[in-house]
Amino acid sequence: MTLPRAYEDQLVERAKSDADAFGELYDHYFGQIYRFAYSRTRDQDAAEEVTQEVFMKALRAMPRYRPSGHPFSSWLYQISANAIADHFRQRRPQASLDAALEIVDPARPVAERVVESAEAARVWAAIDSLPEQQRTAMTLKLGEDLKLAQIGEIMGKSEGAVKLLVHRGMIGVRQRLGVSAIAGEPL
Amino acid sequence: MSERRDRYDPELAELFGDEPGLLELAQRVRESRPEPDLDPRFPAILRARLMEEARTALTTGHASRPAVDVRPAAAPRCRFRARFGPRGLAAWGTLAVGAAVAAAAVVAILSLRAPTPGGLAVVASNVSHQQAVDPHQAITLSFNQPMDEQNQQSVLAAVKIQPATQVTIAWKTPETLVITPVHPLAADTDYQVTIPKTSVQSQDGQTLNADVTIDFGTQPAATLSPSASPAPVLEAAAVGPAASDGQAFWGPAGAPGVTDGSAVQTTPVTAPSATASASPTGSPTPSATPASSPLASSPASSATPAAAAGAVVFPDGQAPVALSSMPAAAVAVSPDGFNVALAVTEPDGSGQIVVEGDDGSQANQVWPSGSPPGSAVTALAWDGNNRIVFVTSQGIDAVNLSNEHSEQLYAFPSAGTASGVVLAPNGGYAFLPASDVAGQPGPTSTATPAPATATPTLTPTPSGVSASASASPVATPSATYIPSAADGWLVTLATAGGQIPSPTQLAGSSSGVVAFSGASDEVGWVYAGDEAEVPSVLEAPVSDPSAVAQVPGAPTESIEALALDTHGATLAYGLDPGGIEIETATGVVLGSTADVARSLAFSPDGTQLAFVAAGSLDVAEVQPGSTTSPATSVCQGADQVLSRFVGDQVSHDQAGLAALTAPGASSAVQLTPADIDRGYVISSECTGGSAASGPTLTASARLIVDPTRTSAGRLTDETVVLGQSGGQWLVTGLSVPPLRVQGSGPHVLSVSVTPPAKGALNPESAVTITFDSDLDPSSVTPGSLWLETSGGQTIPLLDQAAYDPDTRKVTLTVSGAVPAGTEVVVGTAISDIDGGHPPAQVLYPVGS
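The model shown is predicted, which means the values in this text are computed figures rather than measured ones. (Residues numbered from 1 in each chain as written. Chains lettered and ligands numbered in written order. Predicted model: local features only at pLDDT ≥ 70, side-chain atom pairs only at ≥ 80, totals over all residues.)

A. Representation of the overall build of chain A. Check the secondary structure of chain A and you find 10 helices and 0 strands. Reading chain A from its N terminus to its C terminus gives the helix and strand order α-α-α-α-α-α-α-α-α-α. When each of the 187 residues of chain A is scored for burial, the buried share is 47%. (Helix = DSSP H or I, 4+ residues; strand = E, 2+ residues; numbered from the N terminus. Buried ≥ 20, exposed ≤ 12 C-beta atoms within 10 Å, placed from the backbone.)

This is the structure in structure tokens:
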């Protein structure tokens, strides 16, 4: 999934003036950005809208882009995070999370429940209900497998701050699922 | 897209290592993440649209803006219909569905807002949702039925364009209406064309079911672009062949020269050495090497080090001069310009220093004075006209030319490599890599910078490297730089040029990319500290190395070579993988090329840069900054920082905004609306400030959110204040009013000042205000548009305001220079041709 760094750097530089090079970047990163957008919006239309916005903005800003030492994808994720935030500002969630959670059976360990797809969706819905920063950090970590340092770059935070967001996010998910502790684990 | 990454994530294990329940939950969540639904046509459609945009935006340099919605107009998915509008359009969408690219091509049709199920409809426009429309372009509307062409006047009266624009109309065909602006459209402006539903009718009498609106934007004008102007291309002339790893230098009489590559394998990244030679001559003659010159067949040009000739200089308009017949690793001209010192490498690898006349005659070996042979010399510099300081693998030595007595100034520890030592051109200072400092570990990198509390044991020498040294953080007003053990040291070698109080560790200098200014009064280095979000360049006076200043605007690419001009006011960067950029220390880009160069050297007067690239020694003229008049020089560099700041606001570059914001100032990241699409500077004013506060640039910039299918365009005019901090321009104040709907009425696009002509008998200044709307000329009066001082006093005009409808510019003329603190006031009485007025009085700073 990762382009060789030297090759990516050259490709990015070429993409400032070469449409085909930008197209190659698009081909490589479309999947990641779309998946991230979908993970956050859970809506195909919204994911398409966000993805389109991200690449259009990237194209527009390409001549000004300067490598920061992090992968090019960090920049795209950064634009994506902004676009998703815009999306949520304009469109409030249509489904009530409370309604989705009210049928949870707290007697079963959460870890066991998430193996079922319906439960998995519910867990991800719980992630959606987290505060914005936690939600973004959780999605990038658990949905995109990004390194903590790269998430920090995307969110403009230190690695330590990202760790804190992910940790708090996981605790938040556990609480929202109505379970005070995983089986065998003290609070 | 279906890839599932279920592999082990060590970071999660570390994060939740002591909470197995959370770790398991995290792993399960990760493995069960939802696979996204994806319309398989979407990637191709979006790609096609991007390529279309890219070919325009990337080749013309016009920044594109969010453009046509390209999502598939897929009939099978009801959601598309719902999103594109009422059902009437779905039929068109259904008809348009075919190949993916074809679908992209008809999106402009679908995105028109005209609900006309089965009836009369506008089905296409050449500008709908385009965002880089040529201001000279006419607007066409295509209808799905032959139209009644007899009612042009009523159509003309009914069609509305915002911003207000005078147009003519004509029927190109019975189905195609052409709307032509009388004057070119305004640049970088969102337009909306409205066709009232009853203003047109088909030949069989049908009318539109609803008003049709078409949104588009025009391409930006270069003068309004928020981006800094493209760096001027350095005009470099090839002056002669060079080995690819040869070192550029400036020889006698300011002639550029190059060492041979074979002798410089261990030559450090170095500053220009010809710091005090005679004044340079004019531009070197391109390709000065005649075909018959021995140099033309010199091994230097064939990059065959084993057979290389020595250092060569290329005097302007003359045949090249070989300074030595043997490989020379370094060359330096004496301060009086009469002698040249060469570090010559013998075939057996030993080294010697040869001094000869400036014409290459009277060569005299000055070191070693006898046996045994000396070590290879990798760098040298003149300390006055009678002493040479040089570097070998053993240490740093000096030789007195009067008696050829040599002394060791500094001995490298056995672990040292000597390859990274950089000498100041006056021989008074040196940069020593950590590996060449006794008691320091080898060149290992430290992951976490920490105060270097351990005192390195610098070998004391007779000439003055102090025996003790303490590392302390050195700070600028905006940052604190903490050295790590891997960073190198700045030391005093001789008494010339003043003493460094004590050896000082240069924070972040483990990069090894270090250079001294030609006058040896400044040292610059590429900062490699772990806390640096982007590579940056630091500069400090050698007399006070703790007074570190970050060079604003330094390239964020990997910097492999660095050179400073005479006093460090201009820097040259050799970038990886390629490119040379010359910038002032205030961040003004003076020029760039794509050449791949690792050896850079400014001429003694800083007007030329010599570099070795692609087997050639090239020389480029260094163009001075464009802001040269005394009235504006106090703010030189501020405009570029302002442009970058606004550009970073548009691109949501948080790191960039943070880097350009002064400590303690409001957070631009927090104040800037997240959904900004465009931005540009409207006006700015430079004030000299006081001795305490320094100069200030106050600017008005516009941030714009383009309209979408569901929301109107919004904008805000922010106020940005820049001041100098630590020698660099930073944003010290920012006020961003809430976004407001763009609305009707004229908006100011830019304000500029033309100062009085030099030597004019009756000096006068012109203030030009450019609007986005066609103005009602009768509304341009002293009561609708005027100048006033910061104290609210109206500044008298020499003449009535002049309005040019072709350019939508209003010019106000005043006597003499525009006073500092002047503001343009646009009152609500000014009116466009449709009678629209600004919602409120607006002030824009102008002045000197």
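B. Layout of the overall build of chain B. Helices and strands together make up the secondary structure of chain B, namely 13 helices and 49 strands. Buried positions account for 52% of the 848 residues belonging to chain B. Considering only intrachain contacts with a sequence separation of at least 6, the fraction spanning at least 24 residues in chain B is 61%. (Contact = placed C-beta atoms within 7 Å.)

C. Main features of the sheet that holds strand E32 (residues 570-576) of chain B. All names here are of chain B. A sheet is described by the order of its strands in space; here 4 strands give the open sequence E31-E32-E33-E34, paired in antiparallel fashion. The open sheet has two edge strands with one neighbour each: strand E31 (558-564) and strand E34 (589-593). In this sheet, neighbouring strand axes are inclined to one another by 20° on average, regardless of whether the strands run parallel or antiparallel. When E31 meets E32, the two strands line up antiparallel, connected through 6 bridges. (Pairing = 2+ DSSP bridges. Axes fitted to C-alpha atoms, helices over the stretch in contact; angles between N-to-C directions.)

D. Seen up close, the nonpolar core. All names here are of chain B. Of all hydrophobic cores here, the largest spans 107 residues; its most connected members are Ala343, Ile353, Leu380, Ile388, Val389, Ala430 and Leu600. The element contributing the most residues to this core is strand E13 (residues 328-333), with 6 residues. The residues contacting alanine 343, other than those within four sequence positions of it, are Ala328, Ala329, Ala330, Gly351, Ile353, Val377, Thr378, Leu380 and Phe390. By size, the runner-up hydrophobic cluster in this structure holds 76 residues, among which are Leu141, Leu208, Leu703 and Val814. (Core = buried A, V, L, I, M, F, W, Y, C linked by C-beta atoms within 7 Å.)

E. A look at the environment of A:Ile84. All names here are of chain A. Residue placement: isoleucine 84 occurs in helix H4 (residues 72-90). On a C-alpha basis, the gap between isoleucine 84 and valine 50 in space is 6.5 Å, while along the polypeptide they are 34 residues apart. In this view, isoleucine 84 contacts Ala37, Arg40, Thr41 and Val50; residues no more than four positions away in its chain are not counted.

F. Region of the structure containing the sheet that holds strand E16 (residues 364-367) of chain B. Residue and element names in this part refer to chain B. Strand order in this open sheet of 4 strands is E13-E14-E15-E16, and the pairing throughout is antiparallel. In the strand order of this sheet, the two ends are held by E13 and E16, each with one partner. When the angles between neighbouring strand axes are averaged without regard to direction, this sheet yields 30°. Where strand E15 (residues 351-357) and E16 come together, 3 bridges link them in antiparallel fashion. Following the sheet pairing, valine 355 is matched in E16 by asparagine 364.

G. Geometry of the confidence of the model for chain B. Residue and element names in this part refer to chain B. Mean pLDDT over chain B: 73, with 73% of residues reaching 70 or higher. When mean pLDDT is taken per element in chain B, strand E27 (residues 514-516) scores highest with 95 and helix H4 (residues 78-84) scores lowest with 25. In the predicted structure, residues 1-6 sits below a pLDDT of 50 and forms 7 contacts with residues beyond four places in sequence or in another chain. Scored below 50 in pLDDT, residues 263-308 shows 147 contacts in the model against residues more than four places distant or in partner chains. (pLDDT = per-residue confidence, 0-100.)

H. Fine view of the packing of helix H9 (residues 148-155) of chain A against helix H10 (residues 159-176) of chain A. Residue and element names in this part refer to chain A. Orientation of H9 relative to H10, taken along the N-to-C sense of each, is 100°, at an axis distance of 8 Å. Looking at the two axes, H9 sits roughly perpendicular to H10. Between H9 and H10, the contacting residues are Leu148, Ala149, Ile151, Gly152 and Met155 on the first element and Glu159, Ala161, Val162 and Lys163 on the second. The residue makeup of the contact of H9 with H10, split by class, is 6 nonpolar, 1 polar and 2 charged. (Parallel < 35°, antiparallel > 145°, perpendicular 65-115°, else oblique. Nonpolar A, V, L, I, M, F, W, Y, C, P; charged D, E, K, R; others polar.)

I. Geometry of H10(A). For H10(A), spanning 18 residues, the distance from its first C-alpha to its last is 25 Å, which sits close to the expected 26 Å at 1.5 Å a residue. Listed as buried for H10(A) are A:Val162, A:Leu165, A:Val166, A:Gly169, A:Met170, A:Val173, A:Arg174 and A:Arg176. (Expected span 1.5 Å × (residues − 1).)

J. The arrangement of the packing of helix H1 (residues 5-15) of chain A against helix H2 (residues 19-41) of chain A in detail. Residue and element names in this part refer to chain A. Following both chains from N to C, one finds H1 and H2 inclined at 130°, their axes separated by 7 Å at the closest point. Between H1 and H2, the interaxial angle falls into the category oblique. Two packed elements cross with a definite hand, and for H1 against H2 that hand is left-handed. Across the interface between the two elements, Leu11, Val12, Arg14 and Ala15 of H1 pack against Ala21, Phe22, Glu24 and Leu25 of H2. Across the contact of H1 with H2, the residue classes break down as 6 nonpolar, no polar and 2 charged. (Left-handed = near helix turned anticlockwise from the far one by under 90°.)

K. Highlighting unusual backbone geometry. Residue B:Pro163 is bonded to the preceding B:Gln162 through a cis peptide linkage, with omega at -5°. By the element assignment, B:Pro163 lies in the loop between strand E3 (160-162) and strand E4 (167-173). That bond from B:Trp367 to B:Pro368 is cis: its omega, -10°, falls within 30 degrees of zero. For A:Arg42, which is not glycine, the phi torsion reads 50° and is therefore positive. When you line up the elements, A:Arg42 lands in the loop between H2 and helix H3 (44-61).

L. Just the pairing of strand E14 (residues 339-345) of chain B, in detail. All names here are of chain B. In terms of residue burial, E14 counts as a mostly covered element, since 7 of its 7 residues are buried. Side chains Asn339, Ala341, Ala343 and Thr345 of E14 all project onto a buried face; the interleaved residues Val340, Leu342 and Val344 project onto the opposite face, where all are buried too. Examined bridge by bridge, E13 and E14 share 5 bridges and lie antiparallel to one another. Within E14, the residue paired with alanine 332 across the bridge is alanine 341. Here E14 runs beside E15; their pairing, made up of 7 bridges, is antiparallel. Following the sheet pairing, alanine 343 is matched in E15 by isoleucine 353.

M. Region of the structure containing the environment of A:Gln150. All names here are of chain A. Tracing the chain through its elements places glutamine 150 in helix H9. Overall, the presence of 19 C-beta atoms within 10 Å leaves glutamine 150 in the partly exposed class. With 79 residues separating them along the chain, glutamine 150 and proline 71 place their C-alpha atoms 8.1 Å apart. Apart from the residues lying within four places of it in its own chain, the contact partners of glutamine 150 are His70, Pro71 and Ser74.

N. Region of the structure containing the environment of B:Glu356. All names here are of chain B. Mapping glutamate 356 onto the fold places it in strand E15. Under the C-beta neighbour-count criterion, glutamate 356 is labelled partly exposed, with 18 such atoms within 10 Å. Taking C-alpha positions, glutamate 356 is 5.6 Å from asparagine 339, a pair spaced 17 residues apart along the chain. Residues in contact with glutamate 356, not counting those within four places in the same chain, are Leu323, Asn339, Val340, Ser361, Gln362, Ala363 and Asn364.

O. Fine view of the confidence of the model for chain A. All names here are of chain A. For chain A, the mean per-residue pLDDT works out to 76, and 76% of the residues sit at or above 70. Counting contacts from residues 92-108, a segment whose pLDDT is below 50, to residues more than four positions away or on other chains yields 14 contacts. Ignoring residues within four places in sequence, the model shows residues 180-187, a span with pLDDT below 50, making 15 contacts including any to other chains.

P. Inspection of the pairing of strand E20 (residues 406-411) of chain B at higher detail. All names here are of chain B. Two strands pair when backbone bridges link them, and strand E19 (residues 395-400) and E20 are joined in this way by 5 bridges, in the antiparallel orientation. Across the sheet, isoleucine 396 pairs through a bridge with tyrosine 410, a residue of E20. In this structure, the hairpin formed by E19 and E20 is closed by a connection of 5 residues, where glutamate 404 is found at a positive phi of approximately 55°.

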